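Observations on the model geometry
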Amino acid sequence: MADVKLTHVKKIYSNQVEVLKDINLDIKQGEFIVFVGPSGCGKSTLLRMISGLEEITSGTLEIDGQVVNDIPPALRGIAMVFQSYALYPHMSVYDNMAFSLQIAKVSKEEVDLQVRKAADLLQLTDYLDRLPKALSGGQRQRVAIGRAIVRRPKVFLFDEPLSNLDAALRVATRMEIANLKESMPDSTMIYVTHDQVEAMTLADRIVLLSGGNIEQVGAPLDLYEHPANVFVAKFIGSPAMNVVPCKIEKAGEQTSVSLSSSTIVNTPIVTDAGEQSKQAFFGIRPEDLVVVDSEEQGFLSGKVSFVESLGEATLLYVQVPSCDEMVIAKQAGTLAIKRGDSVHLSTLPEKMHLFDNNELSYRR
Ligand code: ADP
């Protein structure tokens, strides 16, 4: 049970490419932290550096206030769960979970106690005598998690633990991991995924990475509602936020956003004082757009070029002349709207996002 602190951490592999640039992160004891980001952004490298499987090029890593850069993995008090499960195929579930304690010369009674406790927590008690090959993917991953639990580590590290499971098992195992966190509130857990749904549903705080940098750290809804920049805005949420170029104009207290000469919206967004006119980006989530009856009620109008009916929702792909890009509107349920129809779209002022040219989000 521990805090984890990274200060100016960098990683350069032998090919001299800086894959992690200057990572500063404070993880508190008991937090469930998810590293998320597109493939190649450096999240596995970061996790492996915390585990000790990968060397830290520069900067410091502290676990529980102690600098552990040069401490071998086995002595860091961490346990890692891999996407491949990494179970011993010839050992029973019981022995797979007991193994690390047995080699640490823990007494037989204590091993038995810890294994049975973990099996109970993970609903594996009925499978203790089975070999891994006689288990489903989800059960195998639970054994891998059980093997981590029995060691009672200070920090749990999960490297894409659900990515080998099919869709239904992913959901079930995701819920089990959430339950596990509930039942071990003091344990620090760091979890890597490229899946934003896993990040949103499991994390106390998300660390969103891209290109070796941290783009934003925050609670899932914080990232959804107040993305720090266009990258975060587009990564969190599905379909992605519509982001189009715009011009901001300020007159007194009022801020106007022009998407083209014909489209002007008033927003409650605060721009830098004294700014008269400035290029920026306007963002609106598909689910925050509402189809309205007339042009006067809306702020965007266009022709529907594609309709996707998902059952619980309908996605309208609308070609809006004032925006260069296609705008997606997500409406609940099914709609009578067809390809080629003209639609008008409205939203609430507080649902609008503005980003400056350096891609920083404006304050609301
Ligand atoms: P992610 O987990 O976000 O997909 P990784 O941490 O695996 O990303 O990789 C980050 C970057 O580092 C990628 O560009 C990858 O090609 C590179 N990389 C990873 N491992 C090595 C290695 N052992 N040697 C050289 N480059 C590596």
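Relevant structure appears above.
Cut-off values and rules
Residues numbered from 1 in each chain as written. Predicted model: local features only at pLDDT ≥ 70, side-chain atom pairs only at ≥ 80, totals over all residues. Heavy atoms only, no water. Pairing = 2+ DSSP bridges. Helix = DSSP H or I, 4+ residues; strand = E, 2+ residues; numbered from the N terminus. Near = heavy atom within 4 Å. Polar contact = N/O pair within 3.5 Å; in protein donor to acceptor, adjacent residues only side chain to side chain. Areas by Shrake-Rupley, 256 points an atom, 1.4 Å probe, with all protein chains shown as cover. Nonpolar A, V, L, I, M, F, W, Y, C, P; charged D, E, K, R; others polar. Axes fitted to C-alpha atoms, helices over the stretch in contact; angles between N-to-C directions.

1. A few points about the pairing of strand β14 (residues 277-284)
Note that strand β11 (residues 242-251) and β14 share eight bridges and pair antiparallel. Looking at the pairing, valine 243 lines up with glycine 283 of β14. Direction of pairing for β14 relative to strand β20 (residues 353-356): antiparallel, over a ladder of four bridges. Along β20, the bridge assignment pairs glycine 283 with histidine 353.

2. What about the site of the ligand?
The environment of the ligand is formed by Tyr13, Asn15, Val19, Pro38, Ser39, Gly40, Cys41, Gly42, Lys43, Ser44 and Thr45. Here an oxygen atom of the ligand and a backbone polar atom of glycine 40 are 2.7 Å apart. Within the backbone of glycine 42, a nitrogen or oxygen atom sits 3.0 Å from an oxygen atom of the ligand. Within the complex, 59% of the 560 Å² of free accessible area of the ligand lies under protein. The residue makeup of the shell around the ligand, split by class, is four nonpolar, six polar and one charged.

3. Considering the sheet that holds strand β15 (residues 290-292)
Strand order in this open sheet of five strands is β15-β19-β16-β17-β18, and the pairing throughout is antiparallel. Looking at strand neighbours, the two that pair on one side only are β15 and β18 (326-332), the edges of this open sheet. Across the sheet, the mean angle separating the axes of adjacent strands is 50° when strand polarity is ignored.

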